[in-house]
Amino acid sequence: MSYVDEVIARVVKENPSEPEFHQAVKEVLESLRPVVDANEEAFRRDALLERIVNPERQIKFRVPWVDDKGQVQVNTGYRVQFNSAIGPYKGGLRLHPSVNLGIIKFLGFEQIFKNSLTGLPIGGGKGGSDFDPKGKSDREVMAFCQSFMTELCKYIGADTDVPAGDIGTGAREIGYMFGQYKRIKGVFEGVLTGKGLSYGGSLVRTEATGYGLIYIVEELFKCHGLSLKGKTAAVSGAGNVAIYAIQKAQQLGAKVVTCSDSTGWVYDPDGIDVAALKEIKEVKRQRLTEYKKYRPNSEYHEGRGVWTIKTDIALPCATQNELNIDDAKALVKNGVIAVAEGANMPTTLDATEYLQKNGVLFLPGKAANAGGVATSALEMSQNSERLHWSFEEVDAKLKGIMVALYHNIDDAAKKYGFDGNYVVGANIAGFEKVVNAMTLQGIV
Ligand code: NDP
Ligand code: 2IT
């Protein structure tokens, strides 16, 4: 059996009931075959792949908090510190009832390669809890965040592990967590990113993942003699990533006609109204059923369906495995040109393969959504030098990072004979830097 196959089999055996983690490991290791085959003896001797698929540390803890009725609730908290070869652990905190160890491990594993691709000195980590912020009062969210941080603060720090937002964790949650960290540790430091602008946050961090997604699609299009102007796009999700992807796509002349949330989806033939979407989701925290009140010409449908609409570009920005093989077939049938992942692993493995085989330009999440964590690293830099950069300065740096990232993965794909396969390109380019750092640091 090849080394890659052996390690995949071992991961599946040793981590039962973690299908998302298996999926992420398979996708990465499969595409590393050319590199691993070329270095098999040395990699085997150093157990390189076994080390890369095993987190350096995983922390699981109890999070008790009191709800508004005086009832004690208990959630489970996680932080997986996956790989610190190239910098302090860095990655978001997901708050969603579906969270379990396998999901946090898949996200942490992806984060290693994504963070490497940004070109910045950040290692890979991820955390979160099965707490559901939906329908909770601000006081309850604060109670949860304070209890969560009371335990998490023992393991993180500005130079060791720097969490940030993800699904369910936005500016409000980061604020409560930062306040509690500072109170317990007595230190004002850049221990979290995505902070408010009044206490050390960076301009553009809120917009960064969505903007970065569109910047890399713009570069992909440019290199294929295409333009975003006049193109139509389907977006899924209606959260942080989706909202700012829609905003930037529209600024650059594309028309985004869909968005979705966990219960339904919207089709707006005139283009999604971003101001209305922000009001509904960021301010009022309501469901997308409200959208029709702002835009009477739009349609709301229960369930899922954004990928059935004929568009030039598809941007999955909600969650893992939300674009399956049937969706991929519908997109191809409708002549989609490109799919770029704003979310982490939103496309199933067979759907990815189908899209690529049918000539669709496909940008994987670890490349396409890296603008968020890249800007988090820029927030860390600003915190370290105790300075605050302008919007234009951060935005220009973000754009530069996304353009360089595109060429990095494009070059890596070409170098190994997989021209145009950005999954292979991203995995190899991300892996090479981490492996180099691990090798130079010895067996740790
Ligand atoms: P948000 O919580 O802001 O938004 C998530 C959106 O997706 C919401 O509209 C939510 O619906 C919907 N959604 C979440 N879970 C499901 C589900 N199980 N089924 C259907 N819809 C769902 O999160 P983000 O926008 O921050 O994150 C979206 C994706 O992007 C995630 O995969 C995340 O890991 C990834 N990502 C985020 C980055 C960031 O900087 N925030 C950076 C890189 C990647 P509802 O409104 O009903 O809750
Ligand atoms: O998946 C991701 O890259 C994020 N949720 C952002 C992580 C970060 O540290 O900014």
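Residues numbered from 1 in each chain as written. Chains lettered and ligands numbered in written order. Predicted model: local features only at pLDDT ≥ 70, side-chain atom pairs only at ≥ 80, totals over all residues. Heavy atoms only, no water.

*Asks:* When you look at the overall build of the protein chain in this model, what are you seeing that I'm missing?
*Replies:* The helix and strand tally for the protein chain stands at 18 helices and 12 strands. Relative to a compact globule of 444 residues, whose C-alpha radius of gyration would be 22 Å, the protein chain shows 21 Å and is just as compact. For the C-alpha atoms alone, the extent of the protein chain along its principal axes is close to 65 × 55 × 45 Å. For the protein chain, buried positions account for 57% of its 444 residues. For the protein chain, restricting intrachain contacts to residue pairs at least 6 apart in sequence, the fraction spanning at least 24 positions comes to 72%. Carbon together with sulfur atoms contributes 51% to the accessible area of the protein chain, which is approximately 17600 Å² in total. The distance from the centre of the 52 positive side-chain charges to the centre of the 54 negative ones in the protein chain is 3 Å. (Helix = DSSP H or I, 4+ residues; strand = E, 2+ residues; numbered from the N terminus. Rg over C-alpha atoms; globule rule 2.2 N^0.38 Å. Buried < 20%, exposed > 50% of the residue type's maximum accessible area, 1.4 Å probe, protein only. Contact = heavy atoms within 4.5 Å. Areas by Shrake-Rupley, 256 points an atom, 1.4 Å probe, with all protein chains shown as cover. Lys, Arg positive; Asp, Glu negative; His and termini not counted. Charge placed at Lys NZ, Arg CZ, Asp CG, Glu CD.)

*Asks:* Would you mind going over the site of ligand 1 with me for this structure?
*Replies:* Looking at ligand 1, there are 25 residues lining it, with Asp-166, Arg-205, Thr-209, Ser-262 and Asn-344 nearest. Asn-240 places a main-chain nitrogen or oxygen 2.9 Å from an oxygen atom of ligand 1. Between ligand 1 and the protein, one listed contact pairs an oxygen atom with a side-chain N or O atom of Asn-344 at 2.8 Å. Compared with its free state, where it exposes 890 Å², ligand 1 has 83% of that area covered by protein. If you list the elements that add at least two residues to the shell around ligand 1, you get helix H9 (205-223) and helix H10 (240-251). Looking at the shell around ligand 1 residue by residue, the class counts come to 6 nonpolar, 12 polar and 7 charged. (Near = heavy atom within 4 Å. Polar contact = N/O pair within 3.5 Å; in protein donor to acceptor, adjacent residues only side chain to side chain. Nonpolar A, V, L, I, M, F, W, Y, C, P; charged D, E, K, R; others polar.)

*Asks:* Quick question: what am I supposed to make of the side chain of Asp-261 here?
*Replies:* Relative to the helices and strands, Asp-261 is located in the loop between strand S7 (255-260) and strand S8 (264-267). On the basis of relative accessible area, Asp-261 is assigned to the buried category, the value being 17%. A polar contact of 3.0 Å, which involves the side chain of Asp-261, links it to the backbone nitrogen of Leu-288. Apart from residues lying up to four places away in sequence, Asp-261 is in contact with Lys-281, Arg-287 and Leu-288.

*Asks:* Whenever I open this one, the pairing of strand S4 (residues 123-129) confuses me. Can you help?
*Replies:* Consecutive residues of a regular strand have side chains that alternate between opposite faces of the sheet. The element S4 is extensively covered by neighbouring structure, given that 7 of its 7 residues are classed as buried. The alternating pattern of S4 places Gly-123, Gly-125, Gly-127 and Ser-129 and Gly-124, Lys-126 and Gly-128 on opposite faces, both of which are buried. Of the pairings in the sheet, the one linking strand S2 (residues 72-83) to S4 comprises 6 bridges and is antiparallel in character. Following the sheet pairing, Gln-81 is matched in S4 by Gly-125. (Pairing = 2+ DSSP bridges.)

*Asks:* What is the right way to read the packing of aromatic side chains from this model?
*Replies:* Two descriptors summarise a pair of aromatic rings, namely the distance from one centre to the other and the angle between the planes of the rings. This structure, assessed with the given rule, holds 14 aromatic pairs. With 5.4 Å between their ring centres and 45 degrees between their planes, Phe-61 and Phe-148 make a pair best called tilted. Of the two residues, Phe-61 sits in strand S1 (residues 57-66) while Phe-148 sits in helix H7 (residues 138-152), which places them 87 residues apart along the sequence. The pair formed by Phe-61 and Phe-148 is uniform in burial state, with each residue classed as buried. (Phe/Tyr/Trp six-rings, centres within 6.5 Å; stacked < 30°, edge-to-face > 60°.)

*Asks:* Could you clarify how one ought to interpret a nonpolar patch on the surface in this entry?
*Replies:* Taken together, the side chains of Val-66, Val-72 and Val-74 make up a nonpolar region of the molecular surface, amounting to roughly 250 Å² of accessible area. Tracing the backbone shows Val-66 in strand S1. (Patch = residues over 30% accessible without salt bridge, like charges linked within 9 Å, V, L, I, M, F, W, Y side chains within 5 Å. Salt bridge = Lys/Arg side-chain N within 4 Å of Asp/Glu carboxyl O.)

*Asks:* Before we go on, may I ask you to explain the sheet that holds S4 in this structure?
*Replies:* One key point about sheets: their strands pair by backbone hydrogen bonds, in either a parallel or an antiparallel sense. Pairing is mixed across the open sheet formed by 5 strands, whose spatial order is S1-S2-S4-S3-S5. Two strands bound the open sheet, and with one partner strand each, they are S1 and strand S5 (161-164). Taking the axes of each pair of neighbouring strands and ignoring which way they run, one obtains an average angle of 20 degrees across the sheet. Of the strand pairs in this sheet, strand S3 (residues 89-95) and S5 are connected by 4 bridges, and their pairing is parallel. The partner of Gly-91 across the bridge, within S5, is Pro-163. Running over the sheet, H7 touches S1, S2, S3, S4 and S5 and is turned about 140 degrees from S1. (Axes fitted to C-alpha atoms, helices over the stretch in contact; angles between N-to-C directions.)

*Asks:* Can you help me understand the site of ligand 2 in this one?
*Replies:* The local shell around ligand 2 holds 14 residues, among which Lys-90, Gln-111, Lys-114, Asp-166 and Ser-376 are the closest. Within the contact set of ligand 2, an oxygen atom lies 3.0 Å away from a side-chain nitrogen or oxygen of Gln-111. Side-chain polar atom of Asp-166 to a nitrogen atom of ligand 2: 3.0 Å apart, as the coordinates give it. In isolation ligand 2 has 300 Å² of accessible area, and contact with the protein removes 94% of it. Elements with a contribution of two residues or more to the shell around ligand 2: S3, helix H6 (101-117) and helix H16 (370-385).

*Asks:* Any chance you could explain the sheet that holds S8 here in plain terms?
*Replies:* Strands sit in the order S9-S8-S7-S6-S10-S11-S12 across an open sheet of 7 strands; the sheet is mixed. The open sheet terminates on both sides in strands that have one partner only, identified here as strand S9 (299-302) and strand S12 (361-363). Mean inter-strand twist for the sheet, computed between neighbouring axes without regard to direction, equals 15 degrees. Two strands pair when backbone bridges link them, and strand S6 (residues 232-236) and strand S10 (residues 313-316) are joined in this way by 4 bridges, in the parallel orientation. Paired with Ala-234 across the bridge in S10 is Ala-314.

*Asks:* Teacher, can you tell me more about the environment of Tyr-294 here?
*Replies:* With respect to the helices and strands, the residue Tyr-294 is situated in helix H12 (residues 291-294). For the pair Tyr-294 and Val-306, spaced 12 residues apart in sequence, the C-alpha separation works out to 20 Å. Discounting chain neighbours no more than four positions away, the residues touching Tyr-294 are Ala-276, Glu-279, Ile-280 and Lys-284.

Any functional reading would require information that these geometric values do not contain.
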